[in-house]
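One letter stands for each residue in the lines below.
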Amino acid sequence: MIIPYRNFPALYRMMGGSILTFYALFEASRFAKFWVPFCHKYSIKQRCPDAYFNDRDDYPHKNLSFAVEWENLKNMYEDMKYSINSTVERGTVPQDKWKDHQGFKEWSSGISSRDHHSIVEVTHTKNDVSGKDSDVEGHDLPSLVYVAREKRPQHPHNFKAGALNVLIRVSAVVSNAPFILTLDCDMYANNCEALREAMCFFMDPQTDHQLGFVQFPQRFHSITKNDLYANRLKRNFDVQFEGFDGTGGPPYVGTGCVHRRDVLCGSEPQQSSLKPSMLSVNLIREKSSPSEMLNEARILAQCTYEKNSFWGKKVGMIYGCAVEDVLTGFTILCRGWKSVYCVPKRNAFQGHAPVNLNDTLIQHKRWSAGLFEIFVSKFCPFLYGIHRVSIAQRMCYGFCCLWAPSCLHILCYGLVPALCTLNGRSLFPQISSPWFLLFVYLSVSAYAHSVIEFIGAGGSVKSWWNEHRMWMIKGTSSYPFGMIQVLCKLMGISEVGFEVTSKVSDSEAAKRYEAEIYEFGVASTMFIPPATLVVINLIALLNGIAQVLKKGYPALEGMFLQLMLSGFIVMNGYGILEGMFLRRDNGRMPMSVTVSSLLVAVVVCSAAANISPLVNEVAATNLLVLSKSNKPV
């Protein structure tokens, strides 16, 4: 969704070319005529009706008239939901509904979601007196514009970046507001005053000529008490982004961000922020009739419009990367603009987070792959924009872009000590060695710093533990898969795909999620590496304990730190072991993944255990050959 901001002249919603989504949007626009005046009358900050009606503690008033209006509006909302859901279940919009809006005729030719012409429709009906959109009390409403860009199988559509560029162009001919708010489709406004706070930054005379965009933190309402899958991203948004803000501004994360229109259209800070840039001036037209305006907007939404143009290269969202939002924000900063991180007391926008492990890992795979794509491209933070971006800010971007390669040290951290234990080799200093205290100090201080930092940002010890568990899981699945994808792209083998994550679940899965039990369920290859790692460390731990029981203190003195590390990893991965061996519900680890992980773990452990005799045999053979060659004649 993209919302130009000038007292909300228009709201634009990008759809997938489905008549069902157009019908849902049309029904929502009719409900808005009652919902908006209710919110204004009672100062409702929560602007999502579903979230508001489910939160009985958010009542600003408790008098009788309010209760009556609240009940009537809730019934109206439930009726709307029932109408939409029943229509979706039928799979088609009844013909008697088509007379309510002429836009339904766009689907009369039997188009598909992946092969259709451009569709641009204003869903709100006009007031016959003022000629503007209005609510039931006669007050003006922003126009609600449905946009479905043209899609043809033979033309690449550039995923989310292509959709946003179409919305930028369409909004230029419909409203041409100087500020644009972008939101993901699963996010809603939780604080109606948030945009006023963003405007305060843009209207500051000291920074107005330098500020390109204002980024809000991502917040989610579908998070368990202790954040089972670490989807709150607390360390990112409450620690790291604060550091970004001190070095020149945070990155653009694709949602919850207010941009200047001319900045997205390629302008430089030296240009007046009140005038359109030269690259976008060709989209500005004199006022025309509504039909002419919509026809022009449909032309701008055609899939061939960007051919031989700067769109996706210098104008709009930049193409060629799975995290086009971060890349676009970085190129904006490299042109000399600044950004600001705005964190209001009440969350500005809230959305849905993935509610199962597979979707979480897929999401992080896309992010890590996209960020690594930036690092190995011409936009590498250490090479691109050197004269416009500070060293500290480039280091911050570089840190994020190296998420995927960080899997290498995580894999070493999880594998090497365990394999050395199986091999009978001591990797760390013995307990009696003074160097033992150094390793203990480094480990304790590192984890203590991590816990204190996390709790200082408003987290709890349990949520920190869950974040650390997910760090290990992502580091052995999402990150290596993401790095492999980018390497395959560099070698011309394949492209980095854009996988959309699902954020819905059935009732049983929802109960397990609320109980903070890992949801596996699907036979995903993403589960095999972390499951294999945990099994290897479990075997190494049992083998080490057996050696200590057999040989006594000498074995413990040499293997103590390795056993502690393997034990810590087993504790860390208990949820995985539980899903593999103890659980019997539908969310357990699929048998195919369990068997595959066990086979790989057994092969690796057998190889590690037998490598020592092999090395000794080879060394003895070489020594015998060497002694014979030196034997006097």
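Remember, predicted model here, so these are calculated numbers, not experimental data.

### Some thoughts on the sheet that holds strand S8 (residues 219-220)
- An order of S6-S11-S8 is seen for the three strands of this open sheet, with the pairing classed as mixed. The open sheet has two edge strands, strand S6 (187-189) and S8, and neither has a second partner.
- In this structure, S8 lies alongside strand S11 (residues 349-351), joined through two bridges in parallel fashion. Across the sheet, the residue bridging to Phe-220 is Gly-351, located in S11.

### Points about the packing of aromatic side chains
- Using the criterion set out here, one finds 43 aromatic pairs in the structure.
- Pairing Trp-403 with Tyr-479 gives two aromatic rings, centres 6.3 Å apart and planes at 25°, and the pair type is stacked. Taken together, the residues span a long stretch of sequence, with Trp-403 in the loop between helix H11 (391-401) and helix H12 (407-423) and Tyr-479 in helix H15 (residues 478-490) at a distance of 76 residues.
- Classification of Tyr-479 by relative accessible area gives buried; the value is 7%.
- One aromatic cluster is present, built from ring pairs that chain together Phe-31, Trp-35, Phe-38, Tyr-42, Tyr-52, Phe-53, Phe-66, Trp-70 and Tyr-77.

### A closer look at the nonpolar core
- Judged by nonpolar contacts, the single largest core of 63 residues is most densely connected at Val-120, Val-147, Val-170, Val-323, Leu-371 and Ile-374.
- For this core, the leading source of residues is helix H4 (residues 159-174), giving seven residues.
- Contacts of Ile-374, omitting those with residues within four sequence positions, involve Cys-321, Val-323, Val-326, Leu-327, Phe-379, Cys-380 and Cys-401.
- Within the second largest apolar cluster, 37 residues are counted, among which are Ile-223, Leu-361, Leu-577 and Ala-601.

### Examining the environment of Ser-460
- Its place among the elements puts Ser-460 in the loop between helix H13 (435-456) and helix H14 (461-476).
- With 233 residues separating them in the primary sequence, Ser-460 and Asp-227 have C-alpha atoms 9.8 Å apart.
- Beyond its immediate stretch of four places on either side in the chain, Ser-460 contacts Asn-226, Phe-454 and Ile-455.

### Side note on the UniProt feature "binding site: Mn(2+)" (unreviewed entry) in the chain
- In this numbering, the UniProt entry assigns the feature "binding site: Mn(2+)" (unreviewed entry) to Lys-160 and Asp-184. Across 25 residues in sequence, these annotated residues keep their C-alpha atoms within 9.8 Å of one another, forming a single compact spot.
- Relative to the elements of secondary structure, Lys-160 occurs in helix H4.
- Inspection of the secondary structure puts Asp-184 in the loop between strand S5 (179-182) and S6.
- Overall, the relative accessible area of 24% leaves Asp-184 in the partly exposed class.
- With residues up to four places along the chain from it excluded, the contact list for Asp-184 reads Lys-160, Gly-254 and Thr-255.

### Topic: helix H8 (residues 290-300)
- Listing the buried residues of H8 in full gives Met-293, Leu-294, Glu-296, Ala-297, Arg-298 and Leu-300.
- Tucked into the core, H8 has its buried residues touching strand S3 (119-122) and H4.

### Observations concerning the UniProt feature "transmembrane region" (unreviewed entry) in the chain
- Feature annotation in UniProt places "transmembrane region" (unreviewed entry) on residues 367-384, 396-416, 436-461, 520-546, 558-577 and 589-609, given in this structure's numbering.
- Along residues 367-384 the backbone is 50% helical and 0% strand, and the end-to-end C-alpha distance reaches 20 Å.
- Annotated as residues 396-416, this span is 76% helix and 0% strand, and its ends, taken at the C-alpha atoms, are 29 Å apart.

### Digging into the pairing of strand S4 (residues 143-148)
- Most of S4 is tucked away: six of the six residues are buried.
- Of the two faces of S4, both are covered, the one formed by Ser-143, Val-145 and Val-147 as well as the one formed by Leu-144, Tyr-146 and Ala-148.

### As for the packing of H4 against H8
- Contact geometry for H4 and H8: axes closest at 9 Å, N-to-C directions at 160°. By the angle between their directions, the pair H4 and H8 is classed as roughly antiparallel. The element H4 and its partner H8 pack so that their crossing is right-handed. Of H8, the residues touching H4 (which contributes Arg-169, Val-170, Val-173 and Val-174) are Met-293, Glu-296, Ala-297 and Leu-300.
- Looking at the contact of H4 with H8 residue by residue, the class counts come to six nonpolar, no polar and two charged.

### As for a nonpolar patch on the surface
- Taken together, Val-376, Leu-487, Leu-490, Met-491 and Ile-493 make up a surface patch of nonpolar side chains, about 480 Å² in accessible area.
- For Leu-487, the position within the fold is in helix H15.

Procedures and definitions
Residues numbered from 1 in each chain as written. Predicted model: local features only at pLDDT ≥ 70, side-chain atom pairs only at ≥ 80, totals over all residues. Heavy atoms only, no water. Pairing = 2+ DSSP bridges. Helix = DSSP H or I, 4+ residues; strand = E, 2+ residues; numbered from the N terminus. Phe/Tyr/Trp six-rings, centres within 6.5 Å; stacked < 30°, edge-to-face > 60°. Buried < 20%, exposed > 50% of the residue type's maximum accessible area, 1.4 Å probe, protein only. Core = buried A, V, L, I, M, F, W, Y, C linked by side-chain atoms within 4.5 Å. Contact = heavy atoms within 4.5 Å. UniProt positions renumbered as here; feature names shortened; annotations may be inferred. Axes fitted to C-alpha atoms, helices over the stretch in contact; angles between N-to-C directions. Parallel < 35°, antiparallel > 145°, perpendicular 65-115°, else oblique. Left-handed = near helix turned anticlockwise from the far one by under 90°. Nonpolar A, V, L, I, M, F, W, Y, C, P; charged D, E, K, R; others polar. Patch = residues over 30% accessible without salt bridge, like charges linked within 9 Å, V, L, I, M, F, W, Y side chains within 5 Å. Areas by Shrake-Rupley, 256 points an atom, 1.4 Å probe, with all protein chains shown as cover. Salt bridge = Lys/Arg side-chain N within 4 Å of Asp/Glu carboxyl O.

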